[in-house]
Amino acid sequence: MLTDEYRYKILKELQQDPDISQRELAKRLDISLGKANFCLKALIEKGLVKAENFKSSTNKVGYLYLLTPRGIEEKVSITQSFLQRKLNEHEALEKEIKSLRVEIKNNKQQKQNLV
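Residues numbered from 1 in each chain as written. Predicted model: local features only at pLDDT ≥ 70, side-chain atom pairs only at ≥ 80, totals over all residues. Heavy atoms only, no water.

**Describing the pattern of salt bridges**
Phase 1: Across all of its chains, the model carries nine salt bridges by this definition.
Phase 2: The partner of Glu74 in a salt bridge is Arg7, and the shortest N-O contact between them spans 3.6 Å. Remark: Arg7 occurs in helix α1 (residues 4-16) and Glu74 occurs in helix α4 (residues 69-114); sequence separation between them is 67 residues.
Phase 3: Residue Glu74 is classed as partly exposed on the basis of its relative accessible area of 26%.
Phase 4: The exposure class assigned to Arg7 is buried, which follows from its relative accessible area of 9%.
Phase 5: Overlapping salt bridges bring together Glu13, Asp17, Glu24 and Arg28 as one network. (Salt bridge = Lys/Arg side-chain N within 4 Å of Asp/Glu carboxyl O. Helix = DSSP H or I, 4+ residues; strand = E, 2+ residues; numbered from the N terminus. Buried < 20%, exposed > 50% of the residue type's maximum accessible area, 1.4 Å probe, protein only.)

The structure is reproduced here in structure tokens:
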């Protein structure tokens, strides 16, 4: 299944480096080559990415992966959603850190009271 996180990461990589190989994409995202291939095919089928053969490439199986206008819109939408999720995670972590600091402070005070 192609999650929003992988969709975001793949679209970001393709936008930055359209002539990236599937092998390099898999390496950058720390996923298998098969998963990279599956995800790219899914994005192509959804009309978010267009794959074109290199005309002047010495590697005849080389492709240029271009985001379609719909792919660019999807990337913007996913980026906003991804950012909101990360901000929520950040806020939750800040609350947890604050709570842990209070707990440590209270534990130190209790320890001092026992001494």
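**Re the side chain of Thr68**
Phase 1: Summarising the element assignment, Thr68 is placed in the loop between β2 (63-67) and α4.
Phase 2: If near-sequence neighbours (up to four positions away) are discounted, Thr68 is found in contact with Gly47, Leu48, Val49 and Lys50. (Contact = heavy atoms within 4.5 Å.)

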